[in-house]
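Read off the chains here:
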Amino acid sequence: MQYADIAAAVLGAFALAWLADLFTGRRGLFATSLVSGVAAVAGWFLAIRVFAVGTMDEWDWVVWSLAASALALGGFFLFRSKR
């Protein structure tokens, strides 16, 4: 499977967004998916382009991507406005 790591990163980011939305009271799956997806791309960029800890042929960048997604979701729910 040539693109299994990409599929795992996309599904992992969406699963993190869904779980975060589920645990915080179902405030909007689109917003959490957007935050999670953008952070996952940022994690990929940091792992591949900035720090060069891996290549697209390895699975290291998937861990970085999901860690960035979880960190961004934590910040999103910590600093969002509450009405």
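The following paragraphs examine the structure supplied in this document. (Residues numbered from 1 in each chain as written. Predicted model: local features only at pLDDT ≥ 70, side-chain atom pairs only at ≥ 80, totals over all residues. Heavy atoms only, no water.)

### Looking at unusual backbone geometry
Outside of glycine, negative phi angles account for most residues, and trans bonds account for most peptide bonds.
Moving on, step 1. You will see that A52, though not glycine, has its phi angle at about 50 degrees, which is positive.
Moving on, step 2. One can find A52 in the loop between helix 2 (29-50) and helix 3 (60-79). (Helix = DSSP H or I, 4+ residues; strand = E, 2+ residues; numbered from the N terminus.)

### Overview of the side chain of S36
Moving on, step 1. Position of S36 relative to the elements: it lies in helix 2.
Moving on, step 2. Excluding its chain neighbours within four sequence positions, the residues that come into contact with S36 are A13, L16, A17, S69 and L73. (Contact = heavy atoms within 4.5 Å.)

### Concerning the environment of T32
Moving on, step 1. Position of T32 among the secondary structure elements: in helix 2.
Moving on, step 2. The class for T32 is buried, based on a relative accessible area of 1%.
Moving on, step 3. Each C-alpha atom of the pair T32 and D21 lies 6.5 Å from the other, and the pair is 11 residues apart in sequence.
Moving on, step 4. Excluding its chain neighbours within four sequence positions, the residues that come into contact with T32 are A17, D21, L73, F76 and F77. (Buried < 20%, exposed > 50% of the residue type's maximum accessible area, 1.4 Å probe, protein only.)

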